[in-house]
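Residue-level structural notes
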Amino acid sequence: MSSNNNEVHIEIDGIQAIGKPNETILTVAKRYGVYIPTLCHLDGLTPAGACRICIVEVERARLPVISCATPIMEGMKIKTDTEMLRKSRKMTLELLLSEHPHDCMVCEQNGNCELQNLAYEYKVDNIRFPIKTDKEPLDDTSEVLIRNPNLCILCGRCVRACKEITIRDVYDFSERGFETRIIAGLNQLQKDTECVSCGECVQACPVGAITEKPSFGKGRIFEFTKTKTTCSYCGVGCQMYLHVRDNKIIKATGVKDEVNDNNGSLCVKGRFGNDYIHSPERLTSPYIRVNGKLEKATWDEAYDYITEKLLSIKEKHGPDSIAGLSSAKCTNEENYLFQKLFRRIIGTNNVDHCARL
Ligand code: SF4
Ligand code: SF4
Ligand code: SF4
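Residues numbered from 1 in each chain as written. Chains lettered and ligands numbered in written order. Predicted model: local features only at pLDDT ≥ 70, side-chain atom pairs only at ≥ 80, totals over all residues. Heavy atoms only, no water.

**A word on the nonpolar core**
If you look at the biggest cluster of nonpolar residues, it comprises 34 residues, and the most contacted ones within it are Leu39, Leu93, Leu115, Tyr171 and Ile210. Sorting the residues of this core by element identifies helix H2 (83–98), helix H3 (114–121), helix H4 (157–165), strand S8 (181–184) and helix H5 (200–204) as the ones contributing at least two each. Non-local contacts of Leu39, meaning those with residues more than four positions away in its chain, are made with Cys51, Ile53, Leu96, Glu114, Leu115, Leu118, Ile153, Cys155, Arg157 and Pro206. In terms of nonpolar packing, the next biggest core, distinct from the first, is built from 19 residues, Val28, Val65, Ile72 and Met76 among them. (Core = buried A, V, L, I, M, F, W, Y, C linked by side-chain atoms within 4.5 Å. Buried < 20%, exposed > 50% of the residue type's maximum accessible area, 1.4 Å probe, protein only. Helix = DSSP H or I, 4+ residues; strand = E, 2+ residues; numbered from the N terminus. Contact = heavy atoms within 4.5 Å.)

This is the structure we're talking about:
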């Protein structure tokens, strides 16, 4: 088959596929709807090739190759689901589970765990290796996350997410061989590191080794209704899923698709700052200060009061003595009307907003 510099022709499970130079086998397979299981891979992060779950067979290659980190080559013939591959992946899962507590019943990640899903898919009902039983303490010193090193499968997704997405570099691997583990900072408690509480590592972790603190124990993934919406904190307008149970927002997660500027990420406010919605301290009506004391008012009373005050200030000191600050939480249309009110009705250009904050 002829090829040009921008096309690489390969065959995956009998499907004729075209990729670009330097694309990996996994990327092209995904595009053609061919499923290859993964664990340490996360779209958008540098491939690590650490877990070996995504191995595939390539014709004439001596050994299976890691599909997440192997670039395609012209004429490659790839098989993704042979008996040998299934056996090898199953053994890798057994090895992982020999060092991992089987705590699914009480684990926060139950129902949303990539390891659990693969163990189910590969029917790992017997582990032929000695089971590790010693346990390390949890780190719950962060305000937003809990780290459980016992559940960590050393995939490195949190390390890469923090380094490549949030650019904080809080985590790293420490020690070697059986002693390998993930440390925060210089082997510090999470609260003492440079962590900015964005939660990107929570979202990246495929198991229950890093979980959110505010939503801990408030429900499993299958008990939530997931609604796609736009974060209203600032002008970026990140897309997010709100996970709702019993009419209460339990948590927020980023939406990863091609049309979003945030590409699945959220900042600390978008991810963890939604508790104000159900706060009993939240203001639900206007208040007017009477004789030095705030008193509850109706919206009509509040608008009358504002109008009267603005008119009297304008009359006494002129329109430029008044300024209006709008909010990034408003829609474009609301902000348009706000500036129009100040420019046309009050007669000043003193209008600004907080979208840059
Ligand atoms: S991390 Fe996954 S496999 Fe491990 S206990 Fe939790 S749900 Fe089960
Ligand atoms: S919460 Fe954000 S900054 Fe903190 S460790 Fe995780 S990814 Fe890094
Ligand atoms: S904490 Fe989670 S994301 Fe990080 S290495 Fe362990 S399993 Fe992977």
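**Considerations on the sheet that holds strand S2 (residues 15–19)**
Pairing within the open sheet is mixed, and its 5 strands lie in the order S2-S1-S5-S3-S4. Here the strands that pair on one side only, and so sit at the sheet edges, are S2 and strand S4 (65–66). Pairing of strand S3 (residues 55–58) with S4, which is carried by 2 bridges, proceeds in the antiparallel orientation. Following the sheet pairing, Val56 is matched in S4 by Val65. Along the sheet face, H2 touches S3 and strand S5 (77–79) and points at about 155 degrees away from the line of S3. (Pairing = 2+ DSSP bridges. Axes fitted to C-alpha atoms, helices over the stretch in contact; angles between N-to-C directions.)

**Observations concerning the environment of Val159**
Among the secondary structure elements, Val159 is positioned in helix H4. For Val159, a relative accessible area of 9% puts it in the buried group. In this structure the C-alpha to C-alpha distance between Val159 and Lys248, which are 89 residues apart in sequence, comes to 32 Å.

**Section: the packing of H2 against H3**
A packed helix pair is summarised by two numbers, namely the angle formed by the two axes and the spacing between the axes. At their nearest, the axes of H2 and H3 sit 10 Å apart, and the two run at 135 degrees to each other. In terms of their interaxial angle, H2 and H3 are classed as oblique. For H2 against H3, the interelement crossing comes out left-handed. Of the residues in H3, those touching H2 at Arg86, Leu93, Leu96 and Leu97 are Leu115, Leu118, Ala119 and Glu121. Tallied by class, the residues present in the contact of H2 with H3 amount to 6 nonpolar, no polar and 2 charged. (Parallel < 35°, antiparallel > 145°, perpendicular 65-115°, else oblique. Left-handed = near helix turned anticlockwise from the far one by under 90°. Nonpolar A, V, L, I, M, F, W, Y, C, P; charged D, E, K, R; others polar.)

**Some points on the side chain of His41**
In this fold, His41 is placed in the loop between helix H1 (25–31) and S3. Taking relative accessible area as the criterion, His41 reaches 13% and is therefore assigned buried. Separated by 2.8 Å, the side chains of His41 and Asp43 make a polar contact. (Polar contact = N/O pair within 3.5 Å; in protein donor to acceptor, adjacent residues only side chain to side chain.)

**Describing the environment of Asp172**
Note on placement: Asp172 falls in strand S7 (residues 171–174). Here the alpha-carbon distance between Asp172 and Trp299, two residues 127 residues apart in the chain, equals 54 Å. Discounting residues that sit within four places of it in the chain, Asp172 has contacts with Val159, Arg181, Ile182 and Ile183.

**Structural notes on the site of ligand 3**
By nearness alone, 13 residues border ligand 3, and Cys152, Cys155, Gly156, Cys158 and Cys205 come closest of all. Of the residues belonging to the shell around ligand 3, the class tally is 11 nonpolar, 1 polar and 1 charged. (Near = heavy atom within 4 Å.)

**Digging into the domain arrangement of the protein**
According to the domain assignment, the protein contains domain 1 (8–81), domain 2 (127–278), domain 3 (284–317) and domain 4 (324–357). Distance from the C-alpha centre of domain 1 to the C-alpha centre of domain 4: 52 Å. (Domains from an automatic or database assignment.)

**Observations regarding the site of ligand 1**
Close to ligand 1 lie His100, Pro101, Asp103, Cys104, Cys107, Asn110, Cys113, Gln116, Val207 and Gly208, which account for all nearby residues. Split into classes, the residues belonging to the shell around ligand 1 amount to 5 nonpolar, 4 polar and 1 charged.

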